[in-house]
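Survey of secondary and tertiary structure
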Amino acid sequence: MLNLMTHNTSRFDDKIALITGGTSGMGLATARRLLSEGAHVIVTGRDKDRLDDAAGHLRTEFPQAEAAQRILAVRGDVANRADLDTLTDAIRTRYGRLDVLFANAGVAEFAPVADVTEEAFDRLVNINFKGVYFTVQQSLPLLSDGSAIVINASVVVHKGVPGATLYSATKGAVHNLTRTLAADLSPRRIRVNSVSPGYITTPMFHANVSLEAQPAVVATVAAGRFGAPDDIAAAVAFLSSQEASYINGQDLLIDGGMIAATPAAMH
Ligand SMILES: NC(=O)c1ccc[n+]([C@@H]2O[C@H](COP(=O)([O-])OP(=O)(O)OC[C@H]3O[C@@H](n4cnc5c(N)ncnc54)[C@H](OP(=O)(O)O)[C@@H]3O)[C@@H](O)[C@H]2O)c1
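As the structure is a computational prediction, the values presented were derived from the model and not from experiment.

About the criteria used
Residues numbered from 1 in each chain as written. Predicted model: local features only at pLDDT ≥ 70, side-chain atom pairs only at ≥ 80, totals over all residues. Heavy atoms only, no water. Phe/Tyr/Trp six-rings, centres within 6.5 Å; stacked < 30°, edge-to-face > 60°. Helix = DSSP H or I, 4+ residues; strand = E, 2+ residues; numbered from the N terminus. Buried < 20%, exposed > 50% of the residue type's maximum accessible area, 1.4 Å probe, protein only. pLDDT = per-residue confidence, 0-100. Contact = heavy atoms within 4.5 Å. Pairing = 2+ DSSP bridges. Axes fitted to C-alpha atoms, helices over the stretch in contact; angles between N-to-C directions. Near = heavy atom within 4 Å. Polar contact = N/O pair within 3.5 Å; in protein donor to acceptor, adjacent residues only side chain to side chain. Areas by Shrake-Rupley, 256 points an atom, 1.4 Å probe, with all protein chains shown as cover. Nonpolar A, V, L, I, M, F, W, Y, C, P; charged D, E, K, R; others polar. Right-handed = clockwise from strand over helix to strand, strands pointing away. Salt bridge = Lys/Arg side-chain N within 4 Å of Asp/Glu carboxyl O.

Attention now moves to the packing of aromatic side chains. Inspection of every chain in the model, using the stated rule, returns six aromatic pairs. Each ring, one from Phe129 and one from Tyr133, has its centre 6.1 Å from the other, and the planes form 85°; the classification is edge-to-face. Highlighted residues: Phe129 and Tyr133, both in helix α5 (residues 118-139), separated by four residues, approximately one helical turn. Taking the relative accessible area as the measure of exposure, Phe129 reaches 29% and is therefore partly exposed. You can call Tyr133 partly exposed: its relative accessible area is 38%. Counting every residue linked through ring pairs, the aromatic cluster contains Phe129, Tyr133 and Phe134.

Encoded structure:
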């Protein structure tokens, strides 16, 4: 649980932040983090019950009336343009603008290339690439000049991983999009960066890494542990803040050193 007393409470005062896929994992942790630092936060997700649960938890964790009013939950699928219209209309009506966008919603599926179906291809491309692309495009009229976009890519952008041809390609696409958008949006001084998380203990992680596999997997991480959603939330908050005002078009690997450093015990 986040210790609210330890955080600088002014970095996001009066800032409006949209977090797609804000109902679990890194998105929910980032919602908590930005709320704790004063932001108004809009969270989204496809599943109405999970969305209501997440919004309910956040309102319980931030019971002050003023803080509870800083949470807006909007159901929607990022792969669906009509849902994105509903989302941006809701933000326009309530706030009239956005200062931070964390394009985080994504799904993972792993299979050998020979087994990847066209349906799986369309599903992952539609959510992980098209979803991010049009979330950004449709947010542009709301994003204030000088605002910050952070895109959730993945460590797989930096390393070939078996069974990840499809997932990695979608993350490679948004990794590239980050730099191109930073160029495209430079006239409006909108900064665009990505984060590339390693193994982060979210529902997605637990669905893909079995308990039996975990000791061998964690042995590849120099930090000696899996990442927590709060590790990513802290980095997204930094990249979205004024403290990162000269960081643009970058990808930040947050993987406990998995790519950069071979753990001594493995040598
Ligand atoms: N966990 C890891 O180790 C890891 C590592 C690298 C990168 N990532 C990336 O990090 C991001 C967050 O993942 P996570 O691990 O925090 O996963 P998670 O706990 O499964 O959360 C994913 C969130 O995205 C939402 N979502 C999924 N598809 C959506 C769609 N089409 N439209 C709107 N919302 C959607 C989910 O809600 P609904 O299902 O209700 O829609 C949920 O709120 C993803 O982009 C993932 O690829 C994860």
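From this point, the discussion proceeds with the structure in view.
Turning our eyes to something else, we now look at the confidence of the model for the protein. In the predicted model, the protein carries a mean pLDDT of 95, and 96% of its residues have values of at least 70. Note on residues 1-6: pLDDT under 50 across the span, and eight contacts to partners over four residues away in sequence or across chains.

Let's shift gears to the sheet that holds strand β6 (residues 191-197). Strands in a sheet are paired, the pairing made by backbone hydrogen bonds, and the direction either parallel or antiparallel. Taken in spatial order, the seven strands line up as β3-β2-β1-β4-β5-β6-β7 in an open sheet, and their pairing is parallel. On the outer flanks of this sheet lie β3 (71-75) and β7 (251-254), each paired with one strand and no other. Taking each pair of neighbouring strands and ignoring which way they run, the sheet shows an average axis angle of 20°. Two strands pair when backbone bridges link them, and strand β5 (residues 143-152) and β6 are joined in this way by five bridges, in the parallel orientation. If you follow Ala148 over to β6, its bridge partner there is Arg191. Contacting β1 (16-19), β2 (40-45), β3 and β4 (98-103), helix α4 (residues 81-94) crosses the sheet at an angle of about 155° to β3.

Turning to the site of the ligand, a few remarks are in order. Contacts to the ligand come from 30 residues, most closely from Thr23, Ser24, Asp77, Tyr167 and Thr202. Between the ligand and Tyr167 there is a distance of 2.6 Å, counted from an oxygen atom to a side-chain nitrogen or oxygen. Gly198 has a polar backbone atom sitting 3.2 Å from an oxygen atom of the ligand. Coverage of the ligand by the protein amounts to 94% of the 880 Å² it exposes when considered alone. The set of elements that each furnish at least two residues to the shell around the ligand consists of α1 (25-36), α6 (165-184) and α7 (203-208). In terms of residue class, the shell around the ligand is made up of 12 nonpolar, 13 polar and five charged.

Burial of β1 is two-sided: the residues Ile16 and Leu18 facing one way and the residues Ala17 and Ile19 facing the other way are all buried. Here β1 pairs with β2 via four bridges, running parallel. Bridge pairing links Leu18 to Ile42 in β2. Each parallel crossover has a hand, and for β1 linked through α1 to β2 it is right-handed.

Before going further, it helps to examine the pattern of salt bridges. One pass over the full model with this rule turns up 12 salt bridges. Ionic pairing is found between Arg33 and Glu37, a salt bridge with its closest N-O pair at 2.8 Å. Overall, the relative accessible area of 1% leaves Glu37 in the buried class. Among the salt bridges present, the one from Arg225 reaches Asp231, with a minimum N-O distance of 2.9 Å. Look at Arg225 and you get partly exposed, because its relative accessible area is 44%. Counted as one network, the salt bridges with shared partners bring together Arg11, Arg33, Glu37 and Glu243.

Even without being glycine, Asp14 reaches a positive phi, approximately 70°. Checked against the element boundaries, Asp14 lands in the segment before β1. With a relative accessible area of 56%, Asp14 lands in the exposed category. Even without glycine at this site, Arg189 takes up a positive phi of about 55°. Residue placement: Arg189 occurs in the loop between α6 and β6. What makes Arg189 exposed here is its relative accessible area of 61%.

With that settled, consider the environment of Arg97. With respect to the element layout, Arg97 can be found in the loop between α4 and β4. We classify Arg97 as partly exposed; its relative accessible area is 31%. Taking the C-alpha atoms as reference, Arg97 lies 9.3 Å from Lys15; in sequence the two are 82 residues apart. Look past the residues within four positions of Arg97 in its chain and what remains in contact with it is Asp14, Lys15, Ile16, Ile91 and Leu142. Within the structure, Arg97 has its side chain in polar contact with the side chain of Asp99 (distance 2.9 Å).

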